[in-house]
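Summary of structural features
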Amino acid sequence: MIVEERSGPGTDVLIRKVDGHLAVLRTGLHGPELELAEELARCLRELVVATAHSSAADRGLVRAAVHYFVLRRESRGKLLPVRSLAAAQRVVNKVVRQLGRPDLLVETRRERPALPNPDHR
């Protein structure tokens with residue numbers, strides 16, 4: 001039986017890194033921060049799969065975004081602050097734009113247009 005491989009080399013590893021980091025974040029984040037982390041993870045998973053058979057340069061961009069999201073530095077005074085989710089969002093969105101996938105832009109609640117309230121007059 002021949003099984004068609006849908007993912008490229010390293011795809012599963014990157015997705016596991018994203019999912020593992022998200023699991024850790026779920027233990028400490030709530031509300032809008034958790035929503036942002038979940039959106040970033042969703043976007044990164046989709047980018048990993050979408051670029052599995054793309055050029056090495058495109059895969060490298062996605063791998064760098066995954067590592068930026070996953071590898072949060074410990075704070076050591078003022079020199080190495082802990083990376084924020086907002087910083088990861090900027091990196092992910094930059095990669096999304098470079099890959100021509102504006103449909104995957106990760107926006108925060110403040111950036112989303114407010115839905116009209118039908119009860120408000």
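This is a predicted model, so every value here is computed, not measured. (Residues numbered from 1 in each chain as written. Predicted model: local features only at pLDDT ≥ 70, side-chain atom pairs only at ≥ 80, totals over all residues. Heavy atoms only, no water.)

**Let's talk about the environment of Lys 17**
To keep things clear, this is the line we draw: Put simply, DSSP H or I for four residues or longer makes a helix, DSSP E for two residues or longer makes a strand, and each gets a number counted from the N terminus. Between two residues, a contact is recorded if the distance between any of their heavy atoms is within 4.5 Å.
Here Lys 17 lies in helix H1 (residues 11-28). In sequence terms Lys 17 and Leu 71 are 54 residues apart; their C-alpha atoms lie 9.5 Å from each other. If we ignore the near neighbours within four places in the chain, the residues touching Lys 17 are Val 66, His 67 and Val 70.

**Looking at the nonpolar core**
Quick reminder of the rule: Think of a nonpolar core as a cluster: buried Ala, Val, Leu, Ile, Met, Phe, Trp, Tyr and Cys residues, connected wherever their side-chain atoms sit within 4.5 Å. Any residue under 20% of the maximum accessible area for its type is buried, any over 50% is exposed, and the rest in between are partly exposed; the area is computed with a 1.4 Å probe on protein chains only.
Core analysis: the biggest nonpolar cluster contains 28 residues, and Leu 40, Leu 47, Val 66, Phe 69, Leu 85 and Val 92 have the highest contact counts within it. The leading source of residues in this core is helix H2 (residues 31-50), at 9 residues. Not counting the four nearest positions on each side in its chain, Val 66 is found in contact with Leu 14, Lys 17, Val 18, Leu 44 and Val 48.

**Description of H1**
As a reminder of what qualifies: Between the first and last residue of a helix there are one fewer steps than residues, each counted as 1.5 Å, and that sum is the expected span. Summarising the geometry, the arc corresponds to the directions from the helix axis toward the C-beta atoms.
Look at H1: 27 Å from first C-alpha to last across 18 residues, which is about the 26 Å you get at 1.5 Å a residue. Of the positions making up H1, those classed as buried are Thr 11, Leu 14, Ile 15, Val 18, His 21, Leu 22 and Leu 25. Along the long axis of H1, the arc covered by the buried residues comes to 130°, so they all point the same way. Exposed positions of H1 whose direction lies more than 90 degrees from the buried face are Arg 16, Val 24 and Thr 27. On the buried face of H1, the contacting elements are H2, helix H3 (56-70) and helix H4 (85-98).

**Focus: H3**
The periodicity of an α-helix, 3.6 residues per turn, causes residues three or four positions apart to be oriented the same way. With 15 residues, H3 ought to run about 21 Å at 1.5 Å a step, and its terminal C-alpha atoms sit 21 Å apart, in line with that. Taken together, the buried positions of H3 are Val 62, Ala 65, Val 66, Phe 69 and Val 70. For H3, the arc enclosing every buried residue in end-on projection is 130°, short of the 170-degree limit, so these residues lie on one face. Of the exposed residues in H3, those oriented more than 90 degrees away from the buried face are Ala 56 and Ala 57. Those residues of H3 that are buried are in contact with H1, H2 and H4.

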